[in-house]
Amino acid sequence: KAGVTQTPRYLIKTRGQQVTLSCSPISGHRSVSWYQQTPGQGLQFLFEYFSETQRNKGNFPGRFSGRQFSNSRSEMNVSTLELGDSALYLCASSFRMTGEGYGYTFGSGTRLTVV
Amino acid sequence: KQEVTQIPAALSVPEGENLVLNCSFTDSAIYNLQWFRQDPGKGLTSLLLIQSSQREQTSGRLNASLDKSSGRSTLYIAASQPGDSATYLCADDGADGLTFGKGTHLIIQP
């Protein structure tokens, strides 16, 4: 079966611009969560969507937002990009919500570079 | 707030050795625990999931255990191979998303 698909794989943006990343979960999975990975901070939780509703959000500024569509695909948006937003952004797909023990399948990530 | 520590941060061993990676949690009220591996520049590959009612899981040469009372998990890799070289991450699956450790960077020398 198809895995989790993230697009694009690589992105270079200029400070102040905005960016939208996309994640298509495994068929039948209704939960999509997003993570930011940097060398200094490691993997940090951004937010989770389940059935088109944001369930929870990590400790990130309001410039980071997301949404989920009726087909469970999710997008993440970062506005007014800063150099510190350069990171690998990973999305994870699950059958149920976080904490319910169904495990997660991750995509290959989007590498965002802000210059 | 849950914090996860992985020890050691890096490990280099000859091929064929058995090894243990460690993961500890500040909050022993762990919901579920998942171990992942990450190859350079890639996403995460799930290795083992220990659900809240379980204490260990096995898959091939891998065995993971969870001791909630002490807030610790171990990942045991038997008969290591060069293809096992990667960064190994443990994560607590709580209601607020996965909380990850910084990982153990493992190198298996041929």
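Scroll up to find the structure this text is about.
In this text, all values refer to a predicted model and were calculated from it rather than measured experimentally.

### Section: the environment of phenylalanine 100 of chain B
Move 1: Along the chain, the position of phenylalanine 100 of chain B falls in strand S10 (residues 97-100).
Move 2: On the basis of relative accessibility, which here comes to 8%, the residue phenylalanine 100 of chain B falls in the buried class.
Move 3: Ignoring sequence-local partners within four residues, the contact set of phenylalanine 100 of chain B consists of Tyr35, Leu43 and Phe106 of chain A together with Val4, Phe36, Leu44, Leu89, Cys90 and Ala91 of chain B.

### Re the pairing of strand S8 (residues 72-77) of chain B
Residues and elements named next belong to chain B.
Move 1: Of the two faces of S8, only the one carrying Ser73, Leu75 and Ile77 is buried; Arg72, Thr74 and Tyr76 on the other face are not.
Move 2: The sheet contact formed by strand S7 (residues 62-67) and S8 spans six bridges and is antiparallel. From the neighbouring strand, aspartate 67 faces S8, where its bridge partner is arginine 72.
Move 3: Turn length for the S7-S8 hairpin, with the two strands adjacent in sequence and antiparallel, is four residues, and the turn residue glycine 71 shows positive phi of about 70°.

### Here we look at the pairing of strand S11 (residues 104-109) of chain B
Residues and elements named next belong to chain B.
Move 1: Of the two faces of S11, the one lined by Thr104, Leu106 and Ile108 is fully buried and the one lined by His105, Ile107 and Gln109 carries no buried residue.
Move 2: Bridge count for strand S2 (residues 10-14) against S11 is five bridges, and the pairing is parallel. Directly across from alanine 10, in S11, lies its bridge partner histidine 105.
Move 3: For strand S9 (residues 86-94) and S11, the ladder comprises three bridges, and the chain directions are antiparallel. Its bridge partner being in S11, alanine 86 is matched across the sheet by leucine 106.

### What to know about the sheet that holds S8 of chain B
Residue and element names in this part refer to chain B.
Move 1: Overall, antiparallel pairing links the five strands, which are arranged S1-S3-S8-S7-S6 in an open sheet. The open sheet is flanked by strand S1 (4-7) and strand S6 (56-59), the only strands paired with a single partner. In this sheet, neighbouring strand axes are inclined to one another by 15° on average, regardless of whether the strands run parallel or antiparallel.
Move 2: As defined by bridge partners, S1 adjoins strand S3 (residues 19-25) across four bridges and the pair is classed as antiparallel. When the sheet's bridge partners are listed, glutamine 6 is paired in S3 with cysteine 23.

### A look at the side chain of serine 74 of chain A
All names here are of chain A.
Move 1: By the element assignment, serine 74 lies in strand S8 (residues 74-78).
Move 2: Of the residues examined, serine 74 reaches a relative accessible area of 0% and is grouped as buried.
Move 3: At a separation of 3.0 Å, a polar atom in the side chain of serine 74 contacts the side chain of tryptophan 34.
Move 4: A polar contact of 2.9 Å, which involves the side chain of serine 74, links it to the backbone oxygen of arginine 67.
Move 5: Those residues in contact with serine 74 that sit more than four places away from it in its chain are Leu21, Ser22, Cys23, Val32, Trp34, Tyr49, Arg67 and Gln68.

### Things to note about the packing of aromatic side chains
Move 1: Per the counting criterion, the structure on display carries nine aromatic pairs over all chains.
Move 2: Seen in terms of ring centroids, phenylalanine 106 of chain A and phenylalanine 36 of chain B are 5.3 Å apart; in terms of plane orientation they differ by 85°. Their pairing is edge-to-face. Residue phenylalanine 106 of chain A is located in strand S10 (residues 105-106), and its partner phenylalanine 36 of chain B is located in strand S4 (residues 32-38); the two belong to separate chains.
Move 3: Taking the relative accessible area as the measure of exposure, phenylalanine 106 of chain A reaches 8% and is therefore buried.
Move 4: Taken together, the aromatic side chains of Tyr35, Phe45 and Phe106 of chain A together with Phe36 and Phe100 of chain B make up a single cluster linked through ring pairs.

### Comments concerning the interface of chain A and chain B
Interface size is commonly expressed as the accessible area that is lost once the parts come together.
Move 1: Across the boundary between the two partners, chain A contributes 23 residues, which contact 21 residues of chain B.
Move 2: Taking both sides of the interface into account, the surface hidden between chain A and chain B amounts to around 1,500 Å²; carbon and sulfur atoms contribute 52%.
Move 3: Remark: the boundary between chain A and chain B carries zero salt bridges.
Move 4: On the surface where chain A and chain B come into contact, there are five residue pairs in polar contact (both at pLDDT 80 or more).
Move 5: Put simply, the parts of the chain that give the side of chain A that touches chain B at least two residues each are strand S4 (31-38), strand S5 (42-50), strand S6 (53-57) and strand S9 (87-94) of chain A.
Move 6: With three residues, the single largest contributor to the side of chain A that touches chain B is S5 of chain A.

Basis of the calculations
- Residues numbered from 1 in each chain as written.
- Chains lettered and ligands numbered in written order.
- Predicted model: local features only at pLDDT ≥ 70, side-chain atom pairs only at ≥ 80, totals over all residues.
- Heavy atoms only, no water.
- Helix = DSSP H or I, 4+ residues; strand = E, 2+ residues; numbered from the N terminus.
- Buried < 20%, exposed > 50% of the residue type's maximum accessible area, 1.4 Å probe, protein only.
- Contact = heavy atoms within 4.5 Å.
- Pairing = 2+ DSSP bridges.
- Axes fitted to C-alpha atoms, helices over the stretch in contact; angles between N-to-C directions.
- Polar contact = N/O pair within 3.5 Å; in protein donor to acceptor, adjacent residues only side chain to side chain.
- Phe/Tyr/Trp six-rings, centres within 6.5 Å; stacked < 30°, edge-to-face > 60°.
- Buried area = accessible area lost by both parts, 1.4 Å probe.
- Salt bridge = Lys/Arg side-chain N within 4 Å of Asp/Glu carboxyl O.

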